[in-house]
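Coordinate inspection notes
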Amino acid sequence: MYLELSIKNNQESSRLQLAFLQKLYILLDEPDGVAGVAASRQEDPTLHDLILGHEATGQLQDAFSCYERAVNVKSDTISHHRGLLRCLMGLDQSNTALTYATGLLNERPEWSNEINPFRVESAWKLADWDGLSEFLKSISSDNWGVAVGKILLSVKEKCKIVRTQQMGPLSAASMENGAYQRGYSHILRLHMLTDMEKAV
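Scoring rules and cut-offs
Residues numbered from 1 in each chain as written. Predicted model: local features only at pLDDT ≥ 70, side-chain atom pairs only at ≥ 80, totals over all residues. Heavy atoms only, no water. Helix = DSSP H or I, 4+ residues; strand = E, 2+ residues; numbered from the N terminus. Buried < 20%, exposed > 50% of the residue type's maximum accessible area, 1.4 Å probe, protein only. 1 Å grid on protein atoms, 1.4 Å probe; cavity = no way out; pocket = protein on both sides within 12 Å on 5 of 7 lines; lining within 4 Å. Points joined across faces, edges and corners; volume = space filled by probe spheres on them. Nonpolar A, V, L, I, M, F, W, Y, C, P; charged D, E, K, R; others polar. Contact = heavy atoms within 4.5 Å. Core = buried A, V, L, I, M, F, W, Y, C linked by side-chain atoms within 4.5 Å.

Thoughts on unusual backbone geometry
The phi dihedral of Asp92 falls on the positive side, at around 60°, and the residue is not glycine. At Ala127, a position not held by glycine, the phi torsion is positive, near 60°. In this fold, Ala127 is placed in the loop between helix 8 (112-125) and helix 9 (129-137). For Ala127, a relative accessible area of 42% puts it in the partly exposed group.

If you want it as structure tokens, here you go:
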């Protein structure tokens, strides 16, 4: 409130204060405040200001467009590429994010620590287990998407082990009289594993 009052009283220094106030509202997760700051600006907002405003108000398609412009202007700035990938993931464009991140790493392998987590998250969202396994080999950091990927891959591998364990008794039961009744519980377990793998 003090900052808002200061901006009203001193129009000269309001540009820097408005930028600070907008960042403050973003950190407070206050989209109405962000929109109010954007509306009260006298000058045209910078590309960075537009990106902050769009992200804070959940307008990811608009933020994506701004990030595309930013990448075209300064393609050697990794934060622009990360922002573009965040928007793609937020827009549920996992396949596009995976393709973009892979192409980016072909050009800039030194960015792998910062870009690979997007590939990991895209892979598990797309149920690309082979890709997920490959991408996790080159991950040195853990974030939420990477941790979920590790958990899902572990569950998938454990289901394969349990399936193999259930196949032995089922094969033995199929060679005896009353095979259907003896093997029925194993068939149910295998069916449950199949459903579980589909859910994962």
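Concerning the layout of surface pockets
Empty space within the largest pocket amounts to approximately 200 Å³. Leu47, His48, Ile51, Leu52, Glu55, Tyr67, Ala70, Val73, Ser79, His80, Arg82 and Arg86 together form the lining of the largest pocket. Secondary structure elements with two or more residues in the lining of the largest pocket: helix 4 (47-56), helix 5 (60-73) and helix 6 (78-90). It is helix 4 that contributes the most residues to the lining of the largest pocket, 5 residues altogether. Partitioned by chemical class, the residues of the lining of the largest pocket number 6 nonpolar, 3 polar and 3 charged.

Points about the side chain of Ser122
The topology assignment puts Ser122 in helix 8. Beyond its immediate sequence surroundings of up to four residues, Ser122 is in contact with Met89, Ser94, Ala97 and Leu98.

Here we look at the nonpolar core
Leu84, Leu85, Leu88, Trp111 and Ile115 are the most contacted members of the largest nonpolar core, which has 19 residues in total. Contributions of two or more residues to this core are made by helix 5, helix 6, helix 7 (94-107) and helix 8. With 6 residues, the top contributor of residues to this core is helix 6. Those residues in contact with Leu84 that lie beyond four places of it in its chain are Phe64, Tyr67, Glu68, Val71 and Tyr100. Within the second largest apolar cluster, 13 residues are counted, among which are Val120, Val148, Leu152 and Leu153.

These figures come from the coordinates and say nothing about function on their own.
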